[in-house]
Structures are given as structure tokens and as C-alpha cells.
Amino acid sequence: MRCLITVTFDLQKAESSLYPKITKDLEDIYFVKSIHNERKVYPPIEIQKAKKNLPKNTYLAEYTDDDISLKDLDKYIDSIAQDIKKIFESYSVHGKYFISIGTIYKYKLDSF
């Protein structure tokens, strides 16, 4: 099964110097701040990759495991929540976070 995991958060009174450190810690557990859309262009063999940054404080991870089932998603979300809490606690910051896991997904990232 393939899952897309989204994490976003708001920190209260956090110094801006902490955000790159938190990003590094999230990258260590496979979350990224940008996505690469693959677009087919002419000629058809060629593939262009366009890197797009996600909104601030939004991170994605993709997870593939043939042994995971829908029943396991609660365990995964709890595990991710614990990892995120540890990161925030290590920097003594407070706030709130949102985690979603989807097994059937499609996304769009654009600007306005």
C-alpha cells in the first residue's frame, strides 16, 4: 500500500532560527518541503521535472509498504505524532500540528 503523509504546524513564539533546524529533523524522518512534478513534454521520451515548494510549515512524506493495511494507519499516525512531538520538545516550542495519511490521493500545488 502506498500512503501520502502530510504534516503542517503552527508554532507559538518560536524564533525564526529554529525553523531550519526543525526542517532538518523532519527531513531525517523522510519529510520534504517540496515536490517534483513530472511532466511529459515534446518529444514524448523527454521528462522534465519541476520542483515546487510547499506552503510554509507543510511537509510531505510518501510511504510504501506491501504489509501495511488500513487498520495500521492509526499506528502510523500515532508514531508520526510522537516523532513530531519529540522534535518540538527538543527545541522547547509549543503550538499545534495537523497530520493526515491518505492511501488514495491526488494533489495539486500551485500559486495565486
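Reading the values: rules and limits
Residues numbered from 1 in each chain as written. Predicted model: local features only at pLDDT ≥ 70, side-chain atom pairs only at ≥ 80, totals over all residues. Heavy atoms only, no water. Helix = DSSP H or I, 4+ residues; strand = E, 2+ residues; numbered from the N terminus. Buried < 20%, exposed > 50% of the residue type's maximum accessible area, 1.4 Å probe, protein only. Contact = heavy atoms within 4.5 Å. Areas by Shrake-Rupley, 256 points an atom, 1.4 Å probe, with all protein chains shown as cover. pLDDT = per-residue confidence, 0-100. Phe/Tyr/Trp six-rings, centres within 6.5 Å; stacked < 30°, edge-to-face > 60°. Lys NZ or Arg CZ within 6 Å of the ring centre and 35° of its normal. Core = buried A, V, L, I, M, F, W, Y, C linked by side-chain atoms within 4.5 Å. Expected span 1.5 Å × (residues − 1). Arc of directions from axis to C-beta.

Points about the overall build of the protein chain
Helix and strand counts for the protein chain stand at two helices and five strands. In sequence order, the secondary structure elements of the protein chain are arranged as β-α-β-β-β-α-β. Counting the 112 residues in the protein chain, one finds 31% classified as buried. Partitioning the contacts of the protein chain with sequence separation of at least 6, the portion at a separation of at least 24 is 71%. For the protein chain, the accessible surface area stands at approximately 8,400 Å², while carbon and sulfur atoms represent 52% of it.

So, the environment of A14
Here A14 is to be found in the loop between strand 1 (2–12) and helix 1 (18–28). On the basis of relative accessibility, which here comes to 21%, the residue A14 falls in the partly exposed class. Apart from residues lying up to four places away in sequence, A14 is in contact with Y19 and V93.

Observations concerning the confidence of the model for the protein chain
Model confidence for the protein chain is summarised by a mean pLDDT of 83, while 87% of its residues fall at 70 or above. Across residues 39–48, confidence stays below pLDDT 50; counting only partners more than four residues off in sequence or on other chains, it has ten contacts.

Focus on the packing of aromatic side chains
Using the criterion set out here, one finds three aromatic pairs in the structure. Feature note: the residues F9, Y59 and F88 constitute an aromatic cluster, connected by ring pairs. The cationic tip of K33 hangs over the ring face of Y59; the distance from NZ or CZ to the ring centre is 4.7 Å.

Here's the deal with the nonpolar core
With 17 residues, the main nonpolar core has F9, I22, L26, F31 and F88 as its most contacted residues. Elements with a minimum of two residues in this core: strand 1, helix 1, strand 4 (58–64) and helix 2 (73–90). Looking at which element gives the most residues to this core, the answer is helix 2, with five residues. Residues contacting F88, with those up to four places away along its chain left out, are F9, L11, I22, V93 and Y97. Counting five residues, the second-largest nonpolar core is a separate cluster that includes I35, L54, L60 and L109.

Structural notes on helix 2
Helix length check: helix 2 (18 residues) gives 26 Å between terminal C-alpha atoms against 26 Å at 1.5 Å per residue, within 8%. Within the span of helix 2, buried status applies to L73, I80, A81, I84, I87 and F88. End-on view of helix 2: buried residues confined to an arc of 125 degrees, all on one side of the axis. Turned more than 90 degrees off the buried face of helix 2, the exposed positions are D74, K75, K86 and E89. Where helix 2 is buried, its residues contact strand 1, helix 1 and strand 5 (94–102).

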